[in-house]
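Listed below, chain by chain, are the residues.
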Amino acid sequence: QLLFGFLISNICLTREVVFSSPICTSGSFQCQVLLSDLFDRAIRLSHYIHSLSTEMFEDIEQQYSEGRQLLIKLMNNCHTSTLNTPENKEQTLQLQHEDLLSLVNKLLLSWYQPLKYLSMKAPNNIVQKVKEAEEHARILQGGIDRISERMLTDLEDFYPQWLGPVDVMMPQGDLHLFPVYQLLHCFRRDAHKIDSYLKILRYHMIHANSQGSVHSEI
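Only a predicted model underlies this, so the values are computations on that prediction, with no experimental measurement involved. (Residues numbered from 1 in each chain as written. Predicted model: local features only at pLDDT ≥ 70, side-chain atom pairs only at ≥ 80, totals over all residues. Heavy atoms only, no water.)

Q: Which residues make up the nonpolar core, and what values go with them?
A: Core analysis: the biggest nonpolar cluster contains 51 residues, and Ile 60, Leu 140, Ile 144, Ile 147, Leu 184 and Leu 198 have the highest contact counts within it. Put simply, the parts of the chain that give this core at least two residues each are helix H2 (35-63), helix H5 (97-110), helix H6 (112-121), helix H7 (124-150) and helix H8 (178-206). Counting residues per element, this core draws most heavily on H8, at 13 residues. When sequence neighbours within four positions are dropped, the list of residues in contact with Leu 198 reads Phe 39, Ala 42, Ile 43, Ser 46, Val 104, Leu 140 and Ile 144. (Core = buried A, V, L, I, M, F, W, Y, C linked by side-chain atoms within 4.5 Å. Buried < 20%, exposed > 50% of the residue type's maximum accessible area, 1.4 Å probe, protein only. Helix = DSSP H or I, 4+ residues; strand = E, 2+ residues; numbered from the N terminus. Contact = heavy atoms within 4.5 Å.)

Q: Explain H8 to me, using residue names and the numbers behind them.
A: Here H8 is 29 residues long and its end C-alpha atoms lie 42 Å apart, about the 42 Å a rise of 1.5 Å per residue gives. The buried fraction of H8 is high, at 23 of 29 residues. (Expected span 1.5 Å × (residues − 1).)

Q: Give a detailed account of H7, specifying residues and quantitative values.
A: Taking 1.5 Å per residue, 27 residues should reach 39 Å; H7 reaches 40 Å between its end C-alpha atoms and fits that length. Every buried residue of H7 is accounted for by Ile 126, Val 127, Val 130, Ala 133, Glu 134, His 136, Ala 137, Leu 140, Gln 141, Ile 144, Ile 147 and Ser 148. On its buried face, H7 sits against H2, H5, H6 and H8.

Q: Pulling in residues and values, what's your account of the state of the cysteines?
A: Considering all chains together, one arrives at 1 disulfide under this definition. Covalently, Cys 78 is tied to Cys 186 through a disulfide, its sulfur atoms 2.0 Å apart. The sign of the S-S torsion, about -90 degrees, decides the handedness of the disulfide formed by Cys 78 and Cys 186: left-handed. Highlighted residues: Cys 78 in the loop between helix H3 (67-71) and helix H4 (89-94) and Cys 186 in helix H8, separated in sequence by 108 residues. For the pair Cys 78 and Cys 186, a shared accessibility class is recorded, and that class is buried. (Disulfide = S-S within 2.5 Å.)

Q: Tell me about the confidence of the model for the protein, and name the residues and values.
A: On average, residues of the protein score 78 in pLDDT, and 70% of them are at 70 or above. Between the elements of the protein, mean pLDDT differs from a low of 39, seen in helix H1 (residues 2-20), to a high of 96, seen in H6. Note on residues 211-218: pLDDT under 50 across the span, and 10 contacts to partners over four residues away in sequence or across chains. (pLDDT = per-residue confidence, 0-100.)

Q: Describe the packing of aromatic side chains, with residues and values.
A: Per the stated rule, a full pass over the model turns up 3 aromatic pairs. Geometrically, the ring pair formed by Phe 57 and Tyr 181 is tilted, given 5.2 Å between the ring centres and 45 degrees between the ring planes. Here the residue Phe 57 occupies a position in helix H2, and Tyr 181 occupies one in helix H8, the gap between them amounting to 124 residues. Residue Phe 57 is classed as buried on the basis of its relative accessible area of 1%. (Phe/Tyr/Trp six-rings, centres within 6.5 Å; stacked < 30°, edge-to-face > 60°.)

Q: Before we move on, can you summarise the packing of H5 against H8 with the specific residues and values?
A: Following both chains from N to C, one finds H5 and H8 inclined at 155 degrees, their axes separated by 10 Å at the closest point. Put simply, H5 runs roughly antiparallel to H8. Crossing angle aside, the handedness with which H5 passes H8 is left-handed. Residues His 97, Leu 100, Leu 101, Leu 103, Val 104, Leu 107 and Leu 108 of H5 form the contact with H8, whose own contacting residues are Asp 190, Lys 193, Ile 194, Tyr 197, Leu 198, Ile 200, Leu 201, His 204 and Met 205. (Axes fitted to C-alpha atoms, helices over the stretch in contact; angles between N-to-C directions. Parallel < 35°, antiparallel > 145°, perpendicular 65-115°, else oblique. Left-handed = near helix turned anticlockwise from the far one by under 90°.)

Q: Explain the side chain of Asp 59 to me, and be specific about the residues and the numbers.
A: With respect to the helices and strands, Asp 59 occurs in helix H2. Contacts of Asp 59, omitting those with residues within four sequence positions, involve Asn 125, Ile 126 and Lys 129.

Q: Talk me through the pattern of salt bridges; I want residue IDs and the actual numbers.
A: When charged atoms on two side chains of opposite charge get close, those side chains can pair. As enumerated under the stated definition, the model contains 7 salt bridges in all. Among the ionic pairs, Arg 202 bridges to Asp 40, the shortest N-O distance being 2.6 Å. Of this pair, Arg 202 sits in helix H8 while Asp 40 sits in helix H2, placing them 162 residues apart in sequence. Taking the shortest distance from any N to any O, the salt bridge between Lys 129 and Asp 59 comes out at 3.1 Å. Taken as a pair, Lys 129 in helix H7 and Asp 59 in helix H2 lie far apart in primary sequence, 70 residues in all. (Salt bridge = Lys/Arg side-chain N within 4 Å of Asp/Glu carboxyl O.)

Q: Give me the lowdown on the packing of H6 against H8, citing residues and values where you can.
A: Two elements in contact, H6 and H8, have axes whose closest approach is 11 Å; the angle formed by their N-to-C orientations is 135 degrees. With respect to H8, the element H6 is oriented oblique. The element H6 and its partner H8 pack so that their crossing is left-handed. Along its contact with H6, which presents Pro 114, Leu 115, Tyr 117, Leu 118 and Lys 121, the element H8 presents Pro 179, Val 180, Leu 183, Leu 184 and Phe 187. Of the residues in the contact of H6 with H8, the class split is 9 nonpolar, no polar and 1 charged. (Nonpolar A, V, L, I, M, F, W, Y, C, P; charged D, E, K, R; others polar.)

Below, the structure written as structure tokens:
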């Protein structure tokens with residue numbers, strides 16, 4: 001009887017441990033990841049995307065002879081220039097958490113089609129990096145969706161549409177490379193914004209009550 005009672009108590013204890021533990025299945029909300037972990041994953045992705053964007057732009061600069069001459073004229077001609085983004089860190093810090101996350105979401109969505117174009121038109125030495133950036137951006141988008149759910153924030157569907165490559169009249173030069181050059185310039189700019197916004201947002205959401213300066217996070 002003592003042995004039987006011991007076995008029964010062990011079975012009951014085992015069942016209690018099993019059913020009190022979260023069941024982590026695909027799509028299950030019973031197993032929540034910490035918000036700080038979601039931000040850490042998102043920032044690792046955004047930082048890597050920014051690094052790729054810088055590498056790709058440096059690669060195209062070496063091939064595009066007319067780039068520097070036209071870059072000044074087209075500096076504000078990115079398709080995402082219509083977004084009202086903060087011009088400096090001080091303005092960024094003044095935005096609400098929801099607005100900052102919404103900006104990140106819009107910037108990511110706005111690059112879906114341009115990256116598809118770049119994956120087909122970029123020089124061979126850049127194509128693989130474009131495809132890698134495209135895949136990481138897709139994963140990051142999923143991470144932003146999860147973060148918005150945890151923050152109870154509804155993300156807007158509106159985002160700047162890319163209407164195709166810029167048509168620029170030039171007397172000479174590598175005309176076929178100009179749309180790629182211009183897009184990679186804009187992508188590097190926006191990738192930096194995404195990375196910076198996420199780092200600032202993480203600081204405010206996770207470390208708002210801690211001492212220290214935000215400079216170490218940016």
